[in-house]
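Understanding the architecture of this molecule
Given next are the chains, with one letter for each unit.
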Amino acid sequence: MNFEENAELKELIRKTALLNAIKHDGKAQLGPVIGKVIGEKPELKTKAKELSALVGQIISEVNSLPLNQQKSIIEEKWPEALMKEKVEEEKRLPPLPNVEKYSQVVTRFSPNPDCVLHLGSARAIILCYEYARMYKGKFILRFEDTDPKLKRPIPEFYNRIREDLAWLGCKPDEEYIQSDRISIYYEHAERLLKDGNAYVCTCQSELFKKRILASQPCNCRDLSSEEHMQRWRRMLNGGYKEGEAVLRVKTDLNHPNPAVRDWPALRIIDSEKYPHPRVGSKYRVWPLYNFACGIDDHLMGVTHIIRGKEHLTNMVRQEYMYRHFGWKYPEAIHYGRLKITGAYLSKSKIVQGIREGLYKGWDDPRLATFAALRRRGITPEAIKKMIVDVGPKTSDVVLSWENLYAYNRKILDPVADRYFFVHNPVELTVKQIPRVFVAKLPLHPEKPERGFREYVVKPKGDDGLAAFWISKRDVSLSKIGGILRLMELFNIKIEEVNSFSVEASFVSESYEEARKVKAPLIHWIPVGEDMPCQVVMPDATLAEGIAESACKKLKPNTIIQFERFGFVRIDKVDAKLIAYYTHK
Ligand SMILES: [Zn+2]
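Notes on the structure in this doc start here. Here the structure is a predicted model, which is why all the values come from computation and not from measurement. (Residues numbered from 1 in each chain as written. Predicted model: local features only at pLDDT ≥ 70, side-chain atom pairs only at ≥ 80, totals over all residues. Heavy atoms only, no water.)

What follows covers empty space enclosed by the protein. This model, assessed by the stated rule, comprises 1 cavity of 30 Å³ or more. Taken as a whole, the largest cavity holds about 40 Å³ of empty space. As for the largest cavity, its lining consists of V116, L117, R160, E163, D164, T369, F370, A371 and R374. Only α7 (155-168) and α14 (370-376) provide two or more residues apiece to the lining of the largest cavity. (1 Å grid on protein atoms, 1.4 Å probe; cavity = no way out; pocket = protein on both sides within 12 Å on 5 of 7 lines; lining within 4 Å. Points joined across faces, edges and corners; volume = space filled by probe spheres on them. Helix = DSSP H or I, 4+ residues; strand = E, 2+ residues; numbered from the N terminus.)

Further remarks concern the pattern of salt bridges. This model, assessed by the stated rule, comprises 35 salt bridges. Across the pair E512 and R515 runs a salt bridge, and its minimum N-O distance is 3.4 Å. On the criterion of helical spacing, the pair formed by E512 and R515 is a turn pair, its members being 3 residues apart in helix α18 (residues 511-516). With relative accessibility at 43%, the residue E512 sits in the partly exposed group. For the salt bridge of K576 with E544, the shortest nitrogen-to-oxygen distance reads 3.5 Å. Taken together, the residues span a long stretch of sequence, with K576 in the loop between β26 (566-573) and β27 (577-583) and E544 in strand β24 (residues 542-548) at a distance of 32 residues. (Salt bridge = Lys/Arg side-chain N within 4 Å of Asp/Glu carboxyl O. Buried < 20%, exposed > 50% of the residue type's maximum accessible area, 1.4 Å probe, protein only.)

Okay, the packing of aromatic side chains next. By the definition in use, this model includes 21 aromatic pairs. Ring geometry for Y322 and Y329: centres 4.8 Å apart, planes at 70 degrees, overall edge-to-face. Consider the rings of F325 and W327, whose centres lie 4.4 Å apart with planes at 20 degrees: the pair is stacked. Take F325 and W327: they sit in the same class, and that class is buried. (Phe/Tyr/Trp six-rings, centres within 6.5 Å; stacked < 30°, edge-to-face > 60°.)

Below, the structure is given as structure tokens:
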């Protein structure tokens, strides 16, 4: 087919480029446009090179137009395409409830910086971020760091969490840190005390528990609000020690769930003993989770709280406080549990394992932290796609590593270049090679435009010898007398196998002949065109071997595919190549 004269194809490309341009501030992008066109006309897949040239040409025409002109062309010629595009984009997640009641949708992600983030947080982050984007709203990051004793924040994690969000492509529009907001919590505590909606309880916890289980008020509850204000000041100025007084929010003492009844809102922490890493010993009265979170959600204008269903009881607790203040509780969406089998998701286990030296760091490949996933070459796009597909449904979902790998593979496969890595290398000597061979190995089998690696095999001596590295595992594919094909090179016959070396002779060149005898295709590296390579596997073991010399020019962070081995992320390029295994 002649591309240049195919008016229908040109029109399709023009439409696709214009739609892409108006999504990207007037600048269409080559890759996505080619992808869309091939999606509609899969037969063009084999003509990628010509197609790419034509698309490039049309894109430069389209990109030279101002954005408003691009829009008006689409509106005039393909109004239905514009509609379709809109529907596709918004269909990805089910709509949020009652959006029309609010001038702007505001969501928040509120981690405690006592651990790095891991896959278990992905759902909260991605749903909150994506919904904020979907409604052109606001996404807030709020550090909930008000427990310097039991959930002690770690200074480095504030930044690590910011980096994780940036890596995920979920940059917040606003950021707050609760330990900067203590005076706000105090003001609200006082308002509750003055209005008789909270009290300072000095009961021993066992006694309080007994009363509350019987739906009975403790002796403190009905004292005057003046008395409680005095107790409050004693809490603040050190008149009570840790554990001697707690501020409680009044609820219905007959609430069916005893854990809801008169829940604790602020308590004393001996901050000389447990200084806060950001504000030191400045405060001794610290808000508990429901109090700080509830107040912040209102003050920060959060309209939609999207979180796990384990928070349902917290909502019931906080609703009492909202009624005391005369506030309206935000819309709350509670999704089910997302379990990823085989992933170490417990924060405490991660922290303990690091402390005991079981894991090498926060990015140890055995962990499901974002840092580890990043190092292994799991893309944020794959995580995002998986979470958006699961959505905010209330039923529990079980996923496996394989599910995540499948999403990731779909993203990597078209973009990752191919190279040879010989695991457990064995030296192969091939004799009777009749002439010089030049192997041209494409960087990507479906994308010749990416280029290739070239290795010259020059036989030496009267015997026509050449030496290669092949993998020990591949040696076992063939017995003495068996035929193997060195990929994109020639076919050989195995003659002798020792522990560290194999001898073979040249048989023929064509792939057809290898196919006829069903010869296994194996990869190879010419001796002298190699560099040592170490692949860190997901279980933290090391796969030692040899990579082809073309890998010397790879940049760290590139994700490639070692043929017949798996995808890897290049970690370090030095005298030795260090890579992290992604997946098959
Ligand atoms: Zn009491």
